[in-house]
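Spelled out, the chains give:
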Amino acid sequence: MITDKNLRVSEDQVLTLNATSALSTYSINLSHDTDTTGVTGKGGGVRDLGEGKELFFNFAITTAVASAATSVTFEIVAADNAALTTNLVVLASTGAVGYASLTAGANIVLPVPPKIGSTGKAYIGARYTTAGDNSAGAGKVTTDIVEAIQDGKKFYTSGFSVK
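Residues numbered from 1 in each chain as written. Predicted model: local features only at pLDDT ≥ 70, side-chain atom pairs only at ≥ 80, totals over all residues. Heavy atoms only, no water.

J.: How do you make sense of the nonpolar core when you look at a structure like this?
T.: Considering soluble globular proteins, one finds that nonpolar side chains tend to be buried as a cluster. By size, the foremost hydrophobic cluster in this structure holds 27 residues, and its most contacted members are Phe57, Phe59, Phe74, Ile76, Leu102, Ile124 and Tyr128. Contributions of two or more residues to this core are made by strand 4 (56-63), strand 5 (69-79), strand 6 (89-98), strand 7 (107-111), strand 8 (123-132) and strand 9 (140-146). The leading source of residues in this core is strand 5, at four residues. Setting aside residues up to four positions removed in sequence, Phe57 forms contacts with Val9, Ile76, Ile108, Val109, Leu110, Val112, Ile124, Gly125, Ala126, Thr143, Asp144 and Ile145. Counting residues in each nonpolar core, the second largest holds five residues, with Val77, Ala79, Leu84 and Ala122 among its members. (Core = buried A, V, L, I, M, F, W, Y, C linked by side-chain atoms within 4.5 Å. Buried < 20%, exposed > 50% of the residue type's maximum accessible area, 1.4 Å probe, protein only. Helix = DSSP H or I, 4+ residues; strand = E, 2+ residues; numbered from the N terminus. Contact = heavy atoms within 4.5 Å.)

J.: Explain the pattern of salt bridges to me, please; I cannot follow it from the model alone.
T.: Should their charged atoms come close, side chains of opposite charge can pair. A full pass over the atoms with the stated rule returns five salt bridges. Residue Asp144 pairs with Arg8 through a salt bridge whose shortest N-O separation is 2.7 Å. One end of the pair, Asp144, is in strand 9; the other, Arg8, is in strand 1 (residues 8-14), with 136 residues separating them in the sequence. By the burial criterion, Asp144 is buried, and Arg8 matches it. (Salt bridge = Lys/Arg side-chain N within 4 Å of Asp/Glu carboxyl O.)

J.: When you look at the packing of aromatic side chains in this model, what are you seeing that I'm missing?
T.: Each pair of aromatic rings is reported with the distance of its centres and the angle of its planes. Applying the stated criterion to the full structure yields four aromatic pairs. Centre to centre, the rings of Phe59 and Tyr128 are 6.1 Å apart; their planes meet at 90°, and the pair counts as edge-to-face. Residue Phe59 is located in strand 4, and its partner Tyr128 is located in strand 8; the two are separated by 69 residues in the primary sequence. For Phe59, a relative accessible area of 0% puts it in the buried group. For Tyr128, a relative accessible area of 0% translates into the label buried. Centroid distance Phe74 to Tyr128: 6.1 Å. Interplanar angle 80°. Geometry classified as edge-to-face. Of this pair, Phe74 sits in strand 5 while Tyr128 sits in strand 8, placing them 54 residues apart in sequence. Side by side, Phe74 and Tyr128 carry an identical accessibility label, which is buried. Here the aromatic residues Phe57, Phe59, Phe74 and Tyr128 are joined through ring pairs into a cluster of three or more. (Phe/Tyr/Trp six-rings, centres within 6.5 Å; stacked < 30°, edge-to-face > 60°.)

Now the structure itself:
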């Protein structure tokens, strides 16, 4: 999996929440309000990130979520502003993921839906919602938009032995 710093919406973002939600630290600007000559205000439209080759949001757990939290829901969201607070819409959701699955090194993957362009929203990011009390310990997540998923969990026999 190849990551790009410009397609990262969270980096080691702390998930110390008490049954509330948090938006990703960063958002990605999908608008192109500049024309080909560099004149602002003449570009128009929103880039349709969902068209073409399939992309994914990869939610990488960098620090395990504490057992006091019962689950975390990961969502792809879009909004009219960079803070992701104006006219926010949910584009895709994992549903509740139990804390036992949220160990360090775990990857939660969500495909980017092709309907992004039709929302007319200028920014895309992520939202994390915990259930239960996570004040006992902080989990952390790094979230990237990627083209391919590498799970790193395939093991093959070597095909030879040493005597």
